[in-house]
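# Descriptive analysis of the structure
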Amino acid sequence: MTASPRQRSERAQLDPFEALAGDVPPRDQRDLMAHPFFSLSKSRRVTPIHYKAGDVELQVYAVAEHGMATIWDADVLIWAASQILAAEDRGLPTSRFFRFTPYQLLNAIGRTTGARSYFLIKGALTRLQSTVIRTTIRHGEHWRRQQFSWINEWEELATRKGRVEGMEFVLPEWLYKGIVDRRLVLAIDHDYFALSGGIERWLYRVARKHAGRQPNGWRFELRHLHAKSGSLARYSDFAIDIRAIARRQPLPGYTLAIEHNADAVELVHIRPVEKLCATSPDIRTSGATGIRTSGADLSVHRAHGSQLSLWPGERNRARKDSKEESKSYYLEAPSGENSSPFGRSRRRSDR
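Residues numbered from 1 in each chain as written. Predicted model: local features only at pLDDT ≥ 70, side-chain atom pairs only at ≥ 80, totals over all residues. Heavy atoms only, no water.

### Let's talk about helix 9 (residues 235-248)
Selection criterion: In this text, helices come from DSSP runs of H or I with a minimum length of four residues, and strands from runs of E with a minimum of two, each type numbered from the N-terminal end. Expected span of a helix: the number of residues minus one, times 1.5 Å. Relative accessibility decides the category of a residue: with a 1.4 Å probe and only protein chains considered, values under 20% of the type maximum give buried, values over 50% give exposed, and everything between is partly exposed. We call two residues in contact whenever any of their non-hydrogen atoms come within 4.5 Å of each other.
Here helix 9 spans 20 Å end to end across 14 residues, near enough to the 20 Å set by a 1.5 Å rise per residue. Residues Tyr235, Asp237, Phe238, Ala239, Asp241, Ile242, Ala244, Ile245 and Ala246 constitute the buried set of helix 9. Looking at the buried residues of helix 9, the elements they touch are helix 7 (198-210), helix 8 (222-229), strand 12 (254-260) and strand 13 (266-272). Phi for Gln249, located one or two positions after helix 9, is positive at around 55°.

Here it is in C-alpha cells:
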C-alpha cells in the first residue's frame, strides 16, 4: 500500500510546536552570523557561494526559479531560534515542527501585516526550502559533510477567499541542534530588523559575533571581510559600501572605523558602544578575548556564470515591500530600490 502524503511528511513523526504569543527577545545562531550562507542582494541570485576558511567549508546553491535565500529571508530563522529558546526558558517542550500565524512572524520581525506582506512570506519560505547548503561546520570528532535546506517543508492554511490563517514549517536537524545548544546562540538588538541594506545586516551579525561586548572590539582586513561576505560585488565596490556604512554608523550597538596598519592594509575596526558593554548582561560574547585582527587566511570561489494537513483544532487568530526583481518576490517592501520588505526603507540595493 502506498503511504499517504501525510504519512510521508516529516511532520507526521514530530510533535508540533505552537509559536508563543507576545514579545520574544530576538536571538541568532552563531554559525549563520559568522559565515556567508545568504545572498546580500534583493535581486535574484543563482550564482552559488563556495567558501573555505580553515577547516570550515560551505557551498550554497540556488535554483533558477526561486533564487538563493536572502539575508532578509533569514529573519524567519532568527524568529524560529528566538521562539525555541524563549520556550525553553519557560520550561516548555520545543520541536522542529512549527505552527504559527503569519501575524506572529511579521509582528516579531518588525514588518507590516497587510495582505502583500502575507504573500511575501510565502516567497521567503519557498527560497529557504529550495536553497541547498553543504557544509562541514560542526562535523565533530570525525570529518563529515552535511547537506540540507533551511526549511524541510512548509504549508499554509487559507480560506476560500485566500486569507492565510495559519502556517507550518519544519526546520532541518542541523539548524535545530545549533539553536538548542545555547553556546551557539547570541542575543541580538531588535533594531537589527530595521536595517534595510543587505551589507548592513550582514555586517551587524559579523559585529555581534566577533566584537561582542569586548571594549576594544575586533579588527578585520577589508579584503577578508569581502571574502567572508560571499558578495558578488567587486572588491572596490564592496569597499565603497563599507566606507559609506562607517560614515553613517547605522549598526545598533556598534561603531565602525576605517583604519590602516603599518603595511597600509585597510582595516575595519568594529567596537561596541559603551551602553552595550555596560548594561547588556544577557548578551553573550563570541568567546574571544582582547582585540584581534582577522586576516585573509581563507579562500572563496564563486562560480560565474500540497498537502493541506494543518492542525484541525482551535486556530490562533491574528489580532492585531521589497522591490519585485526578476519576477521574484522578497521578504521586503516596494518603496525604493533597497527598501525593507514590509515597510521601512533606507538606501540603495546591496550586492
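### Here's the deal with the environment of Pro102
By the secondary structure assignment, Pro102 is in helix 4 (residues 102-108). Overall, the relative accessible area of 2% leaves Pro102 in the buried class. When the C-alpha atoms of Pro102 and Tyr118 are compared, they prove to be 6.5 Å apart, with 16 residues separating the residues in sequence.

### Thoughts on the pattern of salt bridges
Rules: The rule for a salt bridge is simple: a side-chain nitrogen of Lys or Arg has to be within 4 Å of a carboxyl oxygen of Asp or Glu.
With the rule as written, the count across this model stands at 17 salt bridges. Linking Glu18 and Arg99 is a salt bridge whose minimum nitrogen-to-oxygen distance equals 3.6 Å. Of the two residues, Glu18 is situated in strand 1 (residues 17-18) and Arg99 in strand 5 (residues 97-100); the sequence distance between them amounts to 81 residues. Residue Arg201 is joined to Asp75 by a salt bridge in which the shortest nitrogen-to-oxygen separation is 2.9 Å. Taken together, the residues Arg201 in helix 7 and Asp75 in helix 3 (residues 75-89) connect sequence positions 126 residues apart. When sorted by exposure, Arg201 lands in the same class as Asp75, which is buried. Residues joined in a network through salt bridges with shared partners are Arg27, Glu88, Asp89 and Arg182.

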